[in-house]
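Chain and residue survey
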Amino acid sequence: VQLDQKRLRQILLNLLSNAVKFTDQGRVDLRVKLLSQSSGEVQLSFEISDTGTGILPDQLETVFRPFEQVGDMQHRAGGTGLGLSISRQLIQLLGSEIQVQSSWGHGSCFSFVLSTVAMAADRTAAAADGSVVGYRGPRKHLLLADDIEANRTVLSEILIALGFEVTLANDGLEALTNARSRIPDLILMDVRMPVMGGLEAMRHMQALPDLREVPVIALSAEATDEKQSDCMAAGAKAFLTKPIDFPTLFHEIGRLLNVTWIREIRNTDSSPVYESIEQSGIPDPEQMEALRVLAKAGNMRAIRKKAEELALLNKHYRPFTDRIIQLSIGYESKALLRLVEKHAQPIKPMEQVGNS
Amino acid sequence: MSNTLPAIAGCTILIVDDIPANLAVAVDYLEANQFQVLVARDGEEGIERAGLVQPDLVLLDVMMPGIDGFETCRRLKANARTRDIPVIFMTALADTRDKVAAFAAGAVDYVGKPFQVEELLARIKTHLTLRHTKTTGHPEPTVARLRDSLSQAV
């Protein structure tokens, strides 16, 4: 059975650390079950249960929102609240959905089912745009504006893995500033953001000759016709609702940038979809440790300098060092540390999980 | 204040602010003035970073998501590793109560936002020198002279 080991590990670690955080006494269990096995398809269920504080029924839905944490203050103080939100998005990325059951005071159980066919060929997506691994032609520069860190992280990681250069913005004003200083090929714009919302930012762009022609994909949590027509009137070329359906997103990006996607024909020995940075492009452990120390200290200038040195050393490091440089320029100290720590240990691209 | 005193050249300053545009102004100016500049985007990251690196001075924004600047400062002052690091608030708040709250939380000074970079630099130099004086035991007159030079610079 083949799984995207890195992503699965990230999901399980997030869910387990969340369970541990909310459990003062008792236990946290991880159960993996083989649900069904037929030729070419194996279904595995994953369950993370705890005997912790539990979740009130009316909070079961909000628990997955970024920065939303239930429980008392003592527990709330501990984390950033991104873990569950990121886990849900990663699980959706693998073509599944996370379930939660909980009784207040007795603990919670988070579960999801992964089908290896869904992962190997991404069944839902594969029909249309599934196993996209990159695109042909010169490198394109995308600007992503979203005020929620989890959304920026997940989406930018995916786009970077596909070979895009991605600039991030926390709000419409920052998007506008970034776009003016360097015109992107395409903009992904969240509608609802503080300081300046997506609609206002798009209207400003329409008024600027340099930015008028840059296609914008509006992203909104509100799936109403009204919101869609507002966005299109403000200048958006496409409208997607959140949570983002990735095949649709790829389709729109492909259409607006007029790029041809590279699709992977998979067999059992193939490599995972999101691998581009992971494979050869990561500097050796010693260099990574130097980057990690600088990222820990939060010294943006020093880390940028180090990344530039590494890029000169080996051109294969470029996607990785570009990303580091870009984060350091945006003072994204947290995202930077996360990125460096994620790659600081050697990662095996694929591993056998379960029975096959 | 055109010459940086030898004791403060190369000092490390940690700036905690959630807005990249604000960071950009301060970071560029301070790096141009020979400081090592570290950044953090919120209070918790700032506290962790301060504990790890033990910078010579912390510049702290008041209004941030998560724990605010006042609480961040209190936590820095409650930790033996970071207690003695001078904290200067950067605040858009004009309210006297907030200024008092800043000092009550343990700050040594504050600058109003948007700040004049020259003023910021002058205040940083003063507090770095004060701290240097404290730890090396130079007499009080140095402090008085620095205060004078600060009021001239501002």
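Report on the accompanying structure. (Residues numbered from 1 in each chain as written. Chains lettered and ligands numbered in written order. Predicted model: local features only at pLDDT ≥ 70, side-chain atom pairs only at ≥ 80, totals over all residues. Heavy atoms only, no water.)

For the rest of this paragraph, the subject is the overall build of chain B. Looking only at helices and strands, chain B features six helices and five strands. Sorting the 154 residues of chain B into buried and exposed places 48% on the buried side. Here the analysis covers contacts within chain B between residues at least 6 apart in sequence; of these, 63% occur between residues at least 24 apart. Summed over its atoms, the accessible surface of chain B is roughly 7300 Å², and 53% of this surface lies on carbon and sulfur atoms. (Helix = DSSP H or I, 4+ residues; strand = E, 2+ residues; numbered from the N terminus. Buried < 20%, exposed > 50% of the residue type's maximum accessible area, 1.4 Å probe, protein only. Contact = heavy atoms within 4.5 Å. Areas by Shrake-Rupley, 256 points an atom, 1.4 Å probe, with all protein chains shown as cover.)

Turning our eyes to something else, we now look at the packing of aromatic side chains. Residue and element names in this part refer to chain A. Following the criterion strictly, the structure yields eight aromatic pairs over all chains and no others. For the ring pair Y135 and F164, a centre distance of 4.3 Å and an interplane angle of 25 degrees mean the geometry is stacked. Placement of Y135 in strand β6 (residues 132–135) and of F164 in the loop between α6 (149–161) and β8 (165–169) is noted, with a sequence separation of 29 residues between them. Relative accessible area serves as the criterion here: at 1%, F164 is assigned to the buried category. Taking 6.3 Å as the distance between ring centres and 90 degrees as the angle between the ring planes, the aromatic pair formed by Y135 and W261 counts as edge-to-face. Residue Y135 is located in strand β6, and its partner W261 is located in strand β12 (residues 261–263); the two are separated by 126 residues in the primary sequence. (Phe/Tyr/Trp six-rings, centres within 6.5 Å; stacked < 30°, edge-to-face > 60°.)

Time to look at the interface of chain B and chain A. Each side of the interface is counted separately: chain B has 19 residues, and chain A has 16 residues. Where chain B abuts chain A, roughly 1400 Å² becomes buried across the two surfaces, and 44% of that area is made up of carbon and sulfur atoms. Interface area lost by chain B to chain A is led by E31, R41 and R49 of chain B, which between them contribute 33%. Seen at the junction of chain B and chain A, the total is four salt bridges. With a shortest N-O distance of 3.9 Å, R41 of chain B and E332 of chain A are connected by a salt bridge. Our count for the contact surface shared by chain B and chain A stands at nine residue pairs in polar contact (both at pLDDT 80 or more). (Buried area = accessible area lost by both parts, 1.4 Å probe. Salt bridge = Lys/Arg side-chain N within 4 Å of Asp/Glu carboxyl O. Polar contact = N/O pair within 3.5 Å; in protein donor to acceptor, adjacent residues only side chain to side chain.)

The interhelical angle for the contact between helix α12 (residues 285–297) of chain A and helix α2 (residues 43–53) of chain B, taken along N-to-C directions, is 120 degrees, at an axis separation of 9 Å. The angle between the axes of α12 of chain A and α2 of chain B places the two elements in the oblique class. Contact with α12 of chain A, carried on its side by A295, K296 and A297 of chain A, involves E48, R49, L52 and V53 of chain B of α2 of chain B and no other residues of that element. Looking at side-chain class alone, the contact of α12 of chain A with α2 of chain B contains four nonpolar, no polar and three charged residues. (Axes fitted to C-alpha atoms, helices over the stretch in contact; angles between N-to-C directions. Parallel < 35°, antiparallel > 145°, perpendicular 65-115°, else oblique. Nonpolar A, V, L, I, M, F, W, Y, C, P; charged D, E, K, R; others polar.)

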